[in-house]
Amino acid sequence: MKLTRTRSTAAAATTVLAVLALATACNRESTGSVASAGDKPAIGIDLPRSDSDFWNSYAQYIDKDIKTDGIKALPISNSQNDVTKLVANVQVFQNTGAKAVVMAPQDTGAIASTLDTLASKKIPVVSVDTRPDKGDVYMVVRADNRAYGTKACEFLGKQLGGTGKVAEFQGALDSINGRDRSEAFAECMKTKFPKIQVFELPTDWKGDVASAKLQSLLAQHPDLNGIYMQAGGVFLQPTLALLEQKGLLKPAGQKGHISIVSNDGIPQEFDAIRKGQIDATISQPADLYAKYALYYAKAAAEGKTFKPGKTDHDSTIIKLPNGLEDQLPAPLVTKDTVDDTSLWGNNVG
């Protein structure tokens with residue numbers, strides 16, 4: 001089914017804007033000229049961080065799709081998980097003629113005033129992976145993160161036969177993603193697997209914090225037999241390194257194996273599944289995040305609008321209090337499906 005959309009009835013201005021030289025640039029990823037795209041509207045793109053394999057893969061897809069789709073992109077910035085840098089980067093976009101902005105705010109509660117400023121300037125915003133708590137957004141490009149928590153719970157609960165002890169590496173709870181995954185995981189465990197004891201470990205999406213807390217937990221509960229990692233991109237390597245150091249990294253099917261389910265769908269997780277080090281992950285669509293972030297940013301800049309409903313790319317647009325959200329599919333990946341060539345983690349360069 002095709003996306004439901006209408007064109008704005010207001011006539012779009014066709015004046016070509018000259019791009020101003022950057023007086024200040026916070027963590028710019030690219031210093032090249034604006035992509036040659038004629039009189040197409042300029043798009044400002046901020047990457048959220050570079051300390052995660054998932055987000056680095058997303059950045060690769062953004063770069064590829066800009067070239068493939070002929071997007072007129074301003075020099076890309078990276079806010080490095082710092083909302084003050086994000087605000088500064090967005091200010092540069094405003095000053096250099098952005099007609100739409102793509103961002104992925106990691107602190108979803110602290111970006112509201114910036115969104116209000118952009119709205120007052122009539123610059124639409126596409127938010128990737130995270131849903132701002134307040135402030136207008138044109139479109140959120142995101143998967144159903146509550147489904148992440150539920151799928152992880154159901155898989156892990158069945159793996160453990162409904163009993164055991166599970167460590168949960170929670171993402172930042174000031175992030176809608178961290179809250180959605182944590183709340184759904186907790187509700188599912190309480191309802192479906194009440195005999196499993198869950199140890200909630202807040203991490204602020206930091207791998208070193210997760211590793212330190214897991215080490216302390218293992219000292220108190222050496223019989224831990226399950227782990228839920230809410231982000232493989234930052235948690236996978238520190239976790240595997242610690243388990244190997246302690247002689248606990250036993251392959252699936254072997255006595256003493258700790259069942260692990262993750263979220264992200266990066267190549268490293270797929271390799272760990274093949275080796276039997278972890279059991280499953282939920283594939284966040286980094287390729288589709290990039291593709292549809294740019295798609296909606298371009299559409300917004302051109303004055304197009306969308307309505308809730310099914311799309312032509314196997315997703316559903318839902319209505320939010322502050323905009324719309326396109327909920328993209330995110331499949332569970334196990335040893336039975338890890339070699340599926342349609343998964344982006346098997347195709348990223």
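Residues numbered from 1 in each chain as written. Predicted model: local features only at pLDDT ≥ 70, side-chain atom pairs only at ≥ 80, totals over all residues. Heavy atoms only, no water.

Under an unreviewed UniProt entry, the name given to the chain is ABC-type sugar transport system substrate-binding protein, and the source organism is Streptomyces canus. Regarding the chain, the relevant UniProt record gives this comment under Sequence similarities (unreviewed entry): "Belongs to the bacterial solute-binding protein 2 family." (UniProt positions renumbered as here; feature names shortened; annotations may be inferred.)

> Is there a simple way to think about the overall build of the chain in this case?
Helices and strands together make up the secondary structure of the chain, namely nine helices and 16 strands. Within the chain, the proportion of its 349 residues that are buried is 52%. Taking the intrachain contacts of the chain between residues at least 6 apart in sequence as the baseline, contacts between residues at least 24 apart amount to 73%. Total accessible area on the chain is roughly 15,200 Å²; 50% of this is exposed by carbon and sulfur atoms. (Helix = DSSP H or I, 4+ residues; strand = E, 2+ residues; numbered from the N terminus. Buried < 20%, exposed > 50% of the residue type's maximum accessible area, 1.4 Å probe, protein only. Contact = heavy atoms within 4.5 Å. Areas by Shrake-Rupley, 256 points an atom, 1.4 Å probe, with all protein chains shown as cover.)

> What is the right way to read the environment of Ser52 from this model?
Within the element layout of this structure, Ser52 appears in the loop between β2 (43-47) and α1 (53-69). Setting aside its immediate chain neighbours within four residues, Ser52 contacts Gly233 and Val234.

> Where do I start with the sheet that holds strand β15 (residues 323-328) in this structure?
Sheet strands line up and pair through hydrogen bonds in the backbone, either parallel or antiparallel. With mixed pairing, eight strands are arranged side by side in an open sheet as β3-β2-β4-β5-β6-β15-β14-β13. The sheet is open, and its two borders are formed by β3 (77-78) and β13 (309-310), each paired with just one other strand. α1 rests against β2, β4 (100-103) and β5 (125-128) of the sheet, and its axis sits at about 160° to β2. (Pairing = 2+ DSSP bridges. Axes fitted to C-alpha atoms, helices over the stretch in contact; angles between N-to-C directions.)

> Help me understand the sheet that holds strand β9 (residues 226-229), please; the structure alone is not making it clear to me.
Taking strand neighbours across the sheet as the criterion, the six strands line up as β8-β7-β9-β10-β11-β16 in an open arrangement whose pairing is mixed. With partners counted over all chains shown, the strands left at the sheet margins are β8 (196-202) and β16 (332-333), one partner each. Where strand β7 (residues 164-170) lies against β8, seven bridges are found, and the strand directions are parallel. Bridge assignment links Gln170 to a residue of β8, and that residue is Pro202. Each of β7, β8, β9 and β10 (259-264) is contacted by helix α5 (residues 176-192), which is oriented at about 165° to β7, the strand it contacts most.

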